[in-house]
Amino acid sequence: MNAAPVERRFRAGSMADLAALLDFIDMACDPAGADVGFAVRLAVEEVFTNVLEHGYGGDGPVAVCVTTDGSQVRVVLEDDAPTFNPSQAPAPDLASDAPDREPGGLGWHLVHQVMDDVQHKSRGERGNTYTLVKRLPAPAP
Amino acid sequence: MNIHIEPRGDIAVIAINGSIDGLTAEELLKTLQAHVQQGHDRLVVDLEGVAYTSSAGLRALLATVKETRRRGGDLRLARIQPNVRKVLELSGFVTILKVFAEVDEAVESYGA
């Protein structure tokens, strides 16, 4: 049986908030274990920095809500930046040798790799809701 | 994040302690680039004290390995923690960076 959901909220507005945001994620994910916490921390940082750098081009509000129960961690990030669907993010270069390797697209690639589900909804011309889900490993029998 | 640089002959062993994220990666990049600009282009980055990196850390490493190789040197990694290794693997970085279990192995690899 799943534990009762626990919901925690955080509001960030600039890169200066990143350390506090990551501390918040570590705290919220602590019951889920270190590996789940690492994945969620990485995914949240990548989404947050992408929203600031490419969405706002600077500072702007991002509301983060983490819900944990006995089966998964669900993170919802909401911004007021221009609509951006992560399925339109450039594919990362994973094969070129070092001199030709470009780092673009790695952020969203990592988000999709470490999370079990990534959903995007736009709220008109501005405003995105990103929902990230990480399922907890099944307990040993 | 703390960065400690220890010369071993003409090789610099750069030990990092702490998380490499969107805030700390810039300091790492500046430190690495300043060291390379001073003519030290054979680097070993000791990652034993790093339990977390985001793509920001990868960008710092990529920029530095490009610069060192352009100058005839290299940047090699040692003692990578499991979650950091996972990020490197998912990003295809283990195919472009030389990775060693121990710092001494990485240092000695420059003489091989």
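Within any chain, residue numbers begin from 1 and follow the written order of that chain's sequence. For this description, chains carry letters from A and ligands carry numbers from 1, given in the order in which they are written. Reporting in this predicted model follows two pLDDT cut-offs: at least 70 for local features of residues, and 80 or more for side-chain atom pairs to be given and counted; totals over whole chains, interfaces and linings ignore these cut-offs and use all residues.

1. What about the nonpolar core?
All names here are of chain A.
- If you look at the biggest cluster of nonpolar residues, it comprises 66 residues, and the most contacted ones within it are Val40, Ala43, Val44 and Phe48.
- Strands here are runs of E lasting at least two residues and helices are runs of H or I lasting at least four, both read from the DSSP assignment and numbered beginning at the N terminus. Ranked by the residues each element gives to this core, the list is headed by helix α2 (residues 34–56), at 11 residues.
- Contact between two residues is assigned when their C-beta atoms, built from the backbone, lie within 7 Å. Residues contacting alanine 43, with those up to four places away along its chain left out, are Val111, Val114, Met115 and Leu132. When buried Ala, Val, Leu, Ile, Met, Phe, Trp, Tyr and Cys residues are joined through C-beta atoms within 7 Å, the set is termed a nonpolar core. Think of it as a crowd count around each C-beta: if 20 or more other C-beta atoms lie within 10 Å the residue is buried, if 12 or fewer it is exposed, and in between it is partly exposed, with C-beta placed from the backbone throughout.

2. Brief notes about the packing of α2 of chain A against helix α3 (residues 106–114) of chain A
Residues and elements named next belong to chain A.
- Fitted lines through C-alpha atoms give the axes, limited to the stretch in contact for helices. The angle between two N-to-C directions lies from 0 to 180 degrees. It is at 9 Å that the axes of α2 and α3 come closest, and there the two elements cross at 150 degrees. By the angle between their axes, α2 is roughly antiparallel relative to α3. Note that α2 runs across α3; the crossing there is left-handed. Where α2 abuts α3, its residues Ala39, Leu42, Ala43, Glu46, Val47, Thr49 and Asn50 lie against Gly107, Trp108, Leu110, Val111 and Val114.
- A breakdown of the residues in the contact of α2 with α3 according to their chemical character gives 8 nonpolar, 3 polar and 1 charged. Each angle gets one of four labels, with under 35 degrees taken as roughly parallel, over 145 as roughly antiparallel, 65 to 115 as roughly perpendicular, and the rest as oblique. Two helices that cross are described as forming a left-handed crossing if the nearer one is turned anticlockwise from the farther one by less than a right angle, and a right-handed crossing if clockwise. All amino acids are sorted into three groups, where Ala, Val, Leu, Ile, Met, Phe, Trp, Tyr, Cys and Pro are nonpolar, Asp, Glu, Lys and Arg are charged, and the leftover types, Gly among them, are polar.

3. Focus on the interface of chain A and chain B
- At the junction of the two partners, chain A supplies 21 residues and chain B supplies 18 residues.
- Sorting the residues of the side of chain A that touches chain B by element identifies α1 (18–29), α2 and α3 of chain A as the ones contributing at least two each.
- Here the side of chain A that touches chain B gets 6 residues from one element, more than from any other, and that element is α2 of chain A.
- Split into classes, the residues belonging to the side of chain A that touches chain B amount to 13 nonpolar, 3 polar and 5 charged.

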